[in-house]
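In case you want the letters, here they are:
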Amino acid sequence: MTRATARAVTTTARPTTGRTTTARTTTARTTTATPRSTPRPTGRAVPARPELRLVPSVPARTRRRVAPRFASGRAPFVLLVVALLVGTTLGLLILNTAIAVDSLKATQLRAANAERAQKVQSLQQQVVAGGTPERIAAAAAAAGMVPAGPAAFLVIAPDGSSTLRGTPEAAVAPPAPATPSPASASPAAKSPAAESPAVKSPAAQSPAAPSPAAPSPAAKSPAAQPPTSPSPASPSPAG
Amino acid sequence: MSTTSRGRGAGPRSGGRTPAERPAPLRGGEGPFVPRRAPGTRRSGAGLSMDQRGLRNRWGLIAMITLLVLVVGRLAVLQGVDGAAYANAAEQDRLRTYPIAALRGQVLDRDGRPFAYTVDASRVVADPTVVESPTRAAHELSPLLHVPEADLTRKLSQDGRYVVLASQVAPQTVDAIEALKLAGVLFEDDPVRLYPAGTVGGQVVGFVGKEGAGLAGIEQTFDDELAGIPGERRVEVGSGGNPIPSGIDESTAAKDGSTVTLTIDEDLQYVTQKRLGEACSDGDTTEGSAVVLDVKTGQVMAMASCPGFDPTNARKTDPKLLGNPAVSDVFEPGSVMKAVTVSAALEEGVARPDSVLTVDGKIDAGDHVVRDSHVHGPIDYTVTGIVAKSSNVGTIMLARKVGNEKLEHYMRAFGIGSRTGVELPGESRGILESSADWTASRAANVPIGQGVSVTTVQLASIYQTIANDGVRIPPRIVRSITSPDGTAHAAAQAQATRIVSASTAADMRYMLEAVVGEGGTAPRGAIEGFRVAGKTGTAQRPNPSCGCYSGGGYVTSFVGFAPADHPRYVVAVDLERPTGGGDGGGVAAPVFADVMRYALTAAGVVPSGSPRPDFALTATTP
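Residues numbered from 1 in each chain as written. Chains lettered and ligands numbered in written order. Predicted model: local features only at pLDDT ≥ 70, side-chain atom pairs only at ≥ 80, totals over all residues.

1. As for the packing of helix α11 (residues 338-347) of chain B against helix α13 (residues 392-402) of chain B
All names here are of chain B. Contact geometry for α11 and α13: axes closest at 9 Å, N-to-C directions at 45 degrees. With respect to their mutual orientation, α11 and α13 come out oblique. Of the two elements, α11 crosses α13, and the hand of that crossing is left-handed. Counting all contacts with α11, which are made through K338, T341, V342, A344 and A345, the residues of α13 involved are T395, L398, A399, K401 and V402. Taken together, the residues of the contact of α11 with α13 sort by class into six nonpolar, two polar and two charged. (Axes fitted to C-alpha atoms, helices over the stretch in contact; angles between N-to-C directions. Helix = DSSP H or I, 4+ residues; strand = E, 2+ residues; numbered from the N terminus. Parallel < 35°, antiparallel > 145°, perpendicular 65-115°, else oblique. Left-handed = near helix turned anticlockwise from the far one by under 90°. Contact = placed C-beta atoms within 7 Å. Nonpolar A, V, L, I, M, F, W, Y, C, P; charged D, E, K, R; others polar.)

Written out as structure tokens, the structure is:
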């Protein structure tokens, strides 16, 4: 049994040693095992057991013959595999790093974008708030503007003659809002400029005038002085 | 490996070596500590017999295979059968779902200026268990959040893990709070609805509740369109809750709400509201409404009531003020209703504008007597004169010629007693009894606008019909709905219906022009340069305390259109004056004139230049 064991050990050991080229050269065991055809065990004097039948030597022989042939072509292959492994690992590492960096950048850009959107939003809010009729009316009043009175129109006929429709009136400053006097039909004095050939007299035509120029009834308070009022609504000569 | 089969039994059989060959033991030859076996390999030359070995191998193999089958079977169950569920559970563990709020659509005026829009804002919340120093945090947050420091301290010190410190905080403030780096203070999305125009158009636009649902006005009617559909984002997150770059990241985009464009003109709305506000602050007027319609399209250009409210502060406003009286409140219109009665008379052919009726100062009407507003004996009024002087007696005489049933038919055709269908919530249909139920006094009251109730919008719609050559186009206030991708869908157009013939409408326009100006009841409804047609109304207002007319005051109204020869706009004004006197010509007509003047001027309407005709109000001596 011992011999069989030994044989088993040697046979299993051989391919192992055979794989490395250095081991193949001088190992005593290898050399002793080389004359395999003679079933003589080498090392130990152990009584043989006749019923031994375990290891068929044929596959071992085949393997031994094949192994050296591979051995010469194995090194480049191993190197290739190692290179591939290393390459893949490095590639993955680089890719992952790149993705992480990009993701970080994307997050930063997104944050910057959100910040700008916020800025745009707050600016738009200011624009909208500044464009409400109430704010424009207040700003116009602060700038000394007054609501336009009734409009008068110069209609130019095809033959070039013009007719005045409506009665142009200078807009008058409304009195203090504390005393809203009821509307009176008292006609305001005509401004001398009213005869100028303006196409349309009231502020509604003028881009400088605020749109919600309310024709307030209070505008016709008798106390107001039409000709002296700072009136952007009086007819502009540019026509 | 066969060596595994050696066991303890192999030891004694190591007969290959005799004790004599053993190297001399270090501690003497014998004794309890001397190994019985020679040092070296424990392998024996002899092993188990092949049968034994085969048997063991077989059983070992069976055991191994059984275990393997068990493991593989379990694996198959885990991977194949329950696999999906486990994978799903694992994924769910890593997946976080974040809602994406849909941006609520805007409400715009007809030129695209916003009445209502939504901006980002945040809710500042805190986890009191994480906040390190409540007093210090409260001290730092108080000026930023405009919340008293004591309140914040109390909130930050209380039990629990979630307290709301402030709602709808502007992004700039959020940035400032983030810069403080306070532990345990967090932010949640809490978009805020802004109404930049404030009270202007507030009643039309309405407002949204705490949860962002529309509770009044357009916000309510078009809540589904405005709200949009919220989306969500599902991301695979790592340990810190940070998204894994290459992990699952799928989002269902939120579908933003559509934008509703109204037919309201913001400037005209402002002027109307401002003028109405002045009328309401005269001391006698408690409520008032005004509606401006475009004659050709029936579009509502402005709609206001006073006192109004600011949608921004809707939650702090008296709930009684949060309606839209122009569509929801009814009143007895008074003489403005005479236009319907006279239209019916003309259309039925029982009268013409120059027909002459001998009108007495009073007329019996069942259990009471109806008088004209000023005492007079019998006068030979033309129908034009009846309208111009607003004679109750003459109108009742005409109504009797028409008949109750026909009169009711015309009233209903003009839209009284049914909703106009304007896209606003809470619209009232008004009150008009069936003519079969009219008593003698009711039959005399209805033609002159008592015992029948209308809304301001209905009133404006009646005059729109007359101004539009007898074709009624029910008022509409929504121009178009624009979906988030920019495609605009025009709002459904109301069905135009012919109510009276074009000639009847022309006659009515002629007669209504007589009202405004010399000889009529409303000289103050005139607008310089333009021909104006309209009708005053002074109705007795029911006294809510007794259910009778005495002491109820008046509802004064004026409805008209201009230019009379080519109408563009209808303006209806009604003012409730429980304590004041005054008739429609004196109180409501100036409001009409100012609003109409602005509407015409802003639209650049050029007067035709044709003179106001002379009206024969009484029968001239032949």
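2. Side note on helix α14 (residues 404-413) of chain B
Residue and element names in this part refer to chain B. What α14 keeps buried is the set L407, E408 and M411. Buried residues along α14 cover an arc of 100 degrees about the axis, so they all sit on one side. Positive phi appears at G415, one or two residues downstream of α14, with a value of about 105 degrees. (Buried ≥ 20, exposed ≤ 12 C-beta atoms within 10 Å, placed from the backbone. Arc of directions from axis to C-beta.)

3. Considering the pairing of strand β4 (residues 122-126) of chain B
Residues and elements named next belong to chain B. Alternating residues of β4 divide into S122, V124 and A126, all buried, and R123 and V125, none buried. Note that β4 and strand β5 (residues 163-169) share four bridges and pair antiparallel. For S122, the partnering residue across the bridge sits in β5 and is V169. Relative to strand β6 (residues 185-189), β4 is paired through five bridges, and the arrangement is antiparallel. Looking at β6, one finds that V124 is bridged to F187. (Pairing = 2+ DSSP bridges.)

4. What about the sheet that holds strand β23 (residues 569-577) of chain B?
Residue and element names in this part refer to chain B. A sheet is described by the order of its strands in space; here five strands give the open sequence β12-β11-β23-β22-β21, paired in antiparallel fashion. Among the strands making up the open sheet, the edge pair consists of β12 (300-306) and β21 (533-540). In this sheet, neighbouring strand axes are inclined to one another by 5 degrees on average, regardless of whether the strands run parallel or antiparallel. Of the pairings in the sheet, the one linking strand β22 (residues 554-562) to β23 comprises nine bridges and is antiparallel in character. Bridge pairing links V555 to E576 in β23.

5. So, the confidence of the model for chain B
Residues and elements named next belong to chain B. Summarising the model, chain B shows a mean pLDDT of 86, and 91% of its residues fall at 70 or more. Counting contacts from residues 1-21, a segment whose pLDDT is below 50, to residues more than four positions away or on other chains yields 21 contacts. Across the assembled chains, the prediction reports ipTM 0.71 with pTM 0.70. (pLDDT = per-residue confidence, 0-100.)

6. Side note on the environment of T66 of chain B
For T66 of chain B, the location among the structural elements is in helix α1 (residues 50-81). Expressed as a C-alpha distance, the spacing of T66 of chain B and S608 of chain B, which sit 542 residues apart in the sequence, is 108 Å.

7. As for helix α16 (residues 456-467) of chain B
Residue and element names in this part refer to chain B. Its 12 residues place the ends of α16 17 Å apart at the C-alpha level, agreeing with the 16 Å of an ideal helix rising 1.5 Å per residue. Of all 12 residues in α16, 12 are buried, a share of seventy percent or more. Among all positions of α16, only T456, V457, Q458, L459, A460, S461, I462, Y463, Q464, T465, I466 and A467 are buried. In the segment just after α16, D469 is the residue with positive phi, at about 55 degrees. (Expected span 1.5 Å × (residues − 1).)

8. A few points about the nonpolar core
Residue and element names in this part refer to chain B. Grouped together as the largest cluster of nonpolar side chains are 124 residues, with contacts concentrated most on V292, Y569 and M596. Here this core takes 12 residues from helix α18 (residues 584-602), the largest share from any one element. Here this core spans two domains, and each of domain 1 (99-262) and domain 2 (266-307 + 325-476 + 493-602) adds at least three residues to it. Discounting chain neighbours no more than four positions away, the residues touching M596 are I527, V532, A562, Y569 and V571. A137, L141, L165 and V185 belong to the second-largest nonpolar core, a separate cluster that totals 14 residues. (Core = buried A, V, L, I, M, F, W, Y, C linked by C-beta atoms within 7 Å. Domains from an automatic or database assignment.)

9. Let's talk about the sheet that holds strand β19 (residues 488-490) of chain B
Residues and elements named next belong to chain B. Across the sheet, which stays open at both edges, the six strands sit in the order β7-β3-β2-β10-β18-β19 with mixed pairing between neighbours. Each of the sheet's edge strands pairs with one partner strand only, and the pair in question is β7 (192-194) and β19. In the sheet, strand β3 (residues 114-119) pairs with β7 via three bridges, with the strands oriented antiparallel. Note that in β7 the partner of V119 across the bridge is V192.

10. A closer look at the domain arrangement of chain B
All names here are of chain B. With domains assigned, chain B is organised as domain 1 (99-262) and domain 2 (266-307 + 325-476 + 493-602). Placing the centre of domain 1 and that of domain 2 at their C-alpha centroids yields a distance of 47 Å. Taken residue by residue, the interface counts 12 residues in domain 1 and 10 residues in domain 2. Mapped onto the side of domain 1 that touches domain 2, the elements with two or more residues apiece are α6 (202-205) and α7 (217-221). By residue number, the principal contributor to the side of domain 1 that touches domain 2 is α7, which donates three residues. Residue composition of the side of domain 1 that touches domain 2, by class: four nonpolar, six polar and two charged.

11. A closer look at the confidence of the model for chain A
Of the residues in chain A, 43% have a pLDDT of 70 or more, and the chain-wide mean is 63. Confidence over residues 1-39 of chain A falls short of pLDDT 50; this stretch has 40 contacts with residues more than four positions distant or in other chains.

12. Considerations on the environment of M397 of chain B
All names here are of chain B. In this structure, M397 sits in helix α13. When the C-alpha positions of M397 and L182 are compared, they lie 82 Å apart, and in sequence the two are 215 residues distant. When residues no more than four places from it in sequence are discounted, the contact partners of M397 are L357 and V359.

13. Quick look at unusual backbone geometry
Leaving glycine out, the prevailing phi sign among residues is negative, and the prevailing peptide bond configuration is trans. Residue and element names in this part refer to chain B. Backbone torsion omega between C306 and P307 reads 0 degrees, so that peptide bond is classified as cis. Structurally, P307 is set in the loop between β12 and α10 (325-328). Each neighbour pair has its own omega, and for A562 with P563 the value is -15 degrees, a cis peptide bond. Summarising the element assignment, P563 is placed in the loop between β22 and β23. Although it is not a glycine, H146 sits at a positive phi angle of roughly 60 degrees. Phi at Q168 takes a positive value of approximately 50 degrees, unusual for a residue other than glycine. By C-beta crowding, Q168 is classed as partly exposed, having 15 other C-beta atoms within 10 Å.

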